[in-house]
Each structure stands twice: as structure tokens, then as C-alpha cells.
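Structure assessment
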Amino acid sequence: MDELQRHLFQLKFRIAFLESRGQAFEDLFSRIMGHAFAGDFQAVRPYGNKGDLKCDGYRVSDKTVFQCYAPKTTKLDKLQTKVDEDFNGAVAHWGLRMERWTFVHNDDDGLPADAVQQLIDLGNANPSVSLDQMSYPEIFDITMSLAAPQLEDLFGPAPTQRTLAQLDFEALRPVVMLIQRIDPDENPSLAAPSASKLKANDLSDDAAELLRQGRRRERLVEDFFNQFPNPDFGEEIAQGFRDRYQDLKQQGHSADHTFMELQHFAGGMSGTPQHQAAVLAVMSYFFERCDIFEDYVEAEADT
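Scope of this entry: the structure provided in the associated data block. (Residues numbered from 1 in each chain as written. Predicted model: local features only at pLDDT ≥ 70, side-chain atom pairs only at ≥ 80, totals over all residues. Heavy atoms only, no water.)

1. Quick notes on the pattern of salt bridges
The condition that has to hold: What makes a salt bridge here is a side-chain nitrogen of Lys or Arg within 4 Å of a carboxyl oxygen of Asp or Glu, nothing more. Helix numbers and strand numbers start at the N terminus; a helix is a DSSP run of H or I with at least 4 residues, a strand a run of E with at least 2. Note on exposure labels: buried denotes an accessible area under 20% of the residue type's maximum, exposed denotes more than 50%, and partly exposed covers the range between, all computed with a 1.4 Å probe on protein chains only.
A complete count under the given rule lists 15 salt bridges for this structure. For Arg6, the salt bridge identified is with Glu3, shortest N-O distance 2.4 Å. You can see Arg6 and its partner Glu3 sitting in helix α1 (residues 3-19), 3 residues apart, about one turn around the helix. For Glu3, a relative accessible area of 37% translates into the label partly exposed. Linking Asp86 and Lys54 is a salt bridge whose minimum nitrogen-to-oxygen distance equals 3.5 Å. In this pair, Asp86 is assigned in helix α3 (residues 76-94) and Lys54 in the loop between β1 (41-43) and β2 (57-59), connecting sequence segments 32 residues apart. Residue class for Asp86 comes out buried when judged on its relative accessible area of 3%. Here the residues in one salt-bridge network are Arg14, Asp108 and Asp256, joined through shared partners.

Okay, here's the thing in C-alpha cells:
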């Protein structure tokens, strides 16, 4: 796995982890743990009126019962009720089969202080069971320790730097054709942003690195538009990107979510590695040359 693949997988993981809710989050966690602890971790599914016996996954080697929690919105009273019910239910159902109980959540800001104290108090009241929690940092480390084929099973194929270097017009053509938009502005602004543009946007290091990687074949995109029979085609594509970016911005999406949505707009990142490499090249070209994401403003930087 080279640097391009690593950054792409990290970004895909971050989006999937932070935006999955309910059963989708539990499924993602189970698949990651199944790869990381093959033959040791066992996914648990509800069955009939018995449910899942307050267990979303079980690791045999250390007798750990995992409980996942990823609601659309976190409310302290409901969170604390769930912790109590799930932990006490697991104690009742699993008994001596449980030596560890791990609360798995996707709240990137961490649990409220009251919930942390609750876990400590439950642990003190049940000294035979070790309580802890898992969130982004722990699951990120587990995920990125996986081999490339396992990551591809989780998040789909990813282009290598070699794939990007071998990009040609045939790979690029269907990508730019997919993102054609109409009604360009009469006076578009296509000035290249400053080198500090990345700093003006709250993009993760992984998204920034993907854009840098795409710049390796940025000239190919420029040559494509220069040679295209319709001289206005590049501007039509640029306007499409601007409009889509503004829509996403108004919807209040995070910078990384917006980045991934623009990748889908450019042709998607679920096709062949060659196709994904072409998308990255197009993304980099329009990031540098049109109004997607915010330009660096010197006056703001000095305040």
C-alpha cells in the first residue's frame, strides 16, 4: 500500500466512521474487527425475541463484549440509560464469559463527563469486569493496520501512485464528460488560488494529500480541455463544480464530507483504480483553478 492509497483509505474510513448511524455503524465496526481479529472476533446478531443478549460483538481471546452506540443525536439521559441497560444486561446474559465490556461509539468529541464518570462507577461496582470505551482513535489504528486487500474489501479499490502516473486521455474522458454542466457564468473567476488555499479550509491531511497527489497529472486535465473541440467545455465543467460546491456549503456539510461529495460529482471513487486516479486529477485541477473551497485571504491570515 503506497502513500496515495493510505491517504485515500484514511479519508474513506473517517467519512464512514463519523457518518454511519445505528445498524450501519455496528456493521462497519463488525466488519473492521472481523478483518483485524479473524477467527477471534465474532459478530453477534439479534435472534427472535431474545435479541442480541446485549452484545454487538464478542472477542473470544480476552472475553470482551462490545456494545455499539451511534445515534443521530446524542442526549445525555438516553446515553446513560443505554449504558446502564446494556452493561447490566451483558453481565446478566454473559456472566463468566465476559471479563471485559467495551462501549463503542462514534462521537468524535468524546463522551460527556457524566457518561465517563458513569463508566468509572460501573467499573468500581463490578471489579470482575474491566470497562473501557472505543472511538475514532482506537478504531482508526485497528483499521489502518489492515492489509490493502482487507481495506479494499471495506472501502473499495484505491488507485496507487503508479496508476495515477499512467493516467491517459481515455481514462480521463468519461470522467469529465460525466460532470458536464450547463449555463456557465458570463464572467467566471478561474484565477488559480494561492499556495496557502489548503490552510484556508478545514480539510483533513488526507484530503489535502489526495489533492496534492492529483496535481501530478493536473497538466493532463489542462491539456484535455485545451484540445477539446468545444472551447467553452472547460468553463461549463468549472461552473458545475462551483454550483455543486455552493449547494454542499449551504447544506452545512463538513469540509471532508464536501470533498467526498465533490469526488462523487466528478465521477465517483468506487470504480477502477484508473477511474479514481482520473477523478483525483480532475479534482485537483478544479481545486486549483475554480471556486471549490475557499481561497486563502491574506488579510484574514494576519488578523
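Next, the rest of the story.
2. Topic: the packing of helix α10 (residues 218-227) against helix α13 (residues 273-289)
The condition is simple: Axis lines are fitted to C-alpha atoms, over the contacting stretch for helices. Their N-to-C directions set the angle, which ranges from 0 to 180 degrees. Note on terminology: angles under 35 degrees are roughly parallel, angles over 145 are roughly antiparallel, angles of 65 to 115 are roughly perpendicular, and the others are oblique. By definition, residues are in contact when any of their heavy atoms lie within 4.5 Å. Classification convention: Asp, Glu, Lys, Arg as charged; Ala, Val, Leu, Ile, Met, Phe, Trp, Tyr, Cys, Pro as nonpolar; all other residues, Gly among them, as polar.
Packing of α10 against α13 leaves a shortest axis separation of 8 Å and a crossing angle of 80°. Taken together, α10 and α13 sit at an angle that is classed as roughly perpendicular. Counted together, Glu218, Val221, Glu222 and Phe225 of α10 and Ala281, Val282, Ser284, Tyr285, Phe286, Glu288 and Arg289 of α13 form the full contact between these two elements. Here the residues of the contact of α10 with α13 are counted per class, giving 6 nonpolar, 1 polar and 4 charged.

3. Some thoughts on the nonpolar core
The criterion, for reference: Each nonpolar core is a collection of buried residues, namely Ala, Val, Leu, Ile, Met, Phe, Trp, Tyr and Cys, held together in the definition by side-chain atoms within 4.5 Å.
Residues Phe29, Phe225, Phe241, Phe259, Phe286 and Phe293 are the most contacted members of the largest nonpolar core, which totals 69 residues. With residues near it in sequence (within four places) discarded, Phe29 still touches Phe41, Phe66, Cys68, Val104, Met134 and Ile139. Ranked by size, the runner-up nonpolar core spans 19 residues in total, among them Phe87, Trp94, Trp101 and Leu119.

4. A look at the packing of aromatic side chains
Spelled out, the test is: Centre distance within 6.5 Å is the pairing criterion for rings of Phe, Tyr and Trp, where only the six-membered ring of Trp is used; planes under 30 degrees apart are then read as stacked, over 60 as edge-to-face, and the remainder as tilted. The criterion for a charge sitting over a ring is simple: Lys NZ or Arg CZ within 6 Å of the ring centre, and within 35 degrees of the ring normal.
All told, the structure shown has 20 aromatic pairs when counted by the stated rule. With a centroid separation of 5.5 Å and 40° between ring planes, the pair formed by Phe13 and Tyr136 is classed as tilted. Here Phe13 is found in helix α1, whereas its partner Tyr136 is found in helix α5 (residues 136-144), with 123 residues between them in sequence. By relative accessible area, which is 0% here, Phe13 ends up buried. On the basis of an interplanar angle of 15° and a centroid distance of 5.1 Å, the ring pair of Tyr58 and Trp94 is categorised as stacked. Placement of Tyr58 in strand β2 and of Trp94 in helix α3 is noted, with a sequence separation of 36 residues between them. Classification of Trp94 as buried rests on a relative accessible area of 14%. Its guanidinium or amino end placed over the ring of Phe37, Arg59 lies 4.8 Å from that ring's centre, counting from NZ or CZ.

5. Some remarks on α13
Because an α-helix completes one turn every 3.6 residues, residues spaced three or four positions apart along the sequence face the same direction. Using the following cut-off: Expected span, for any helix, means 1.5 Å times one less than how many residues it has.
With 17 residues, α13 ought to run about 24 Å at 1.5 Å a step, and its terminal C-alpha atoms sit 24 Å apart, in line with that. Buried residues dominate α13, accounting for 14 of its 17 residues.

6. Observations regarding the state of the cysteines
When the sulfur atoms of two cysteines share a covalent bond, that bond is a disulfide. Heads up, the condition is: Any pair of cysteine sulfurs within 2.5 Å is marked as a disulfide.
Counted according to the given criterion, the structure contains 0 disulfides. Among the cysteines around Cys55, which has no disulfide bond, Cys68 carries the closest sulfur, lying 9.3 Å off. For Cys68, a relative accessible area of 8% puts it in the buried group.

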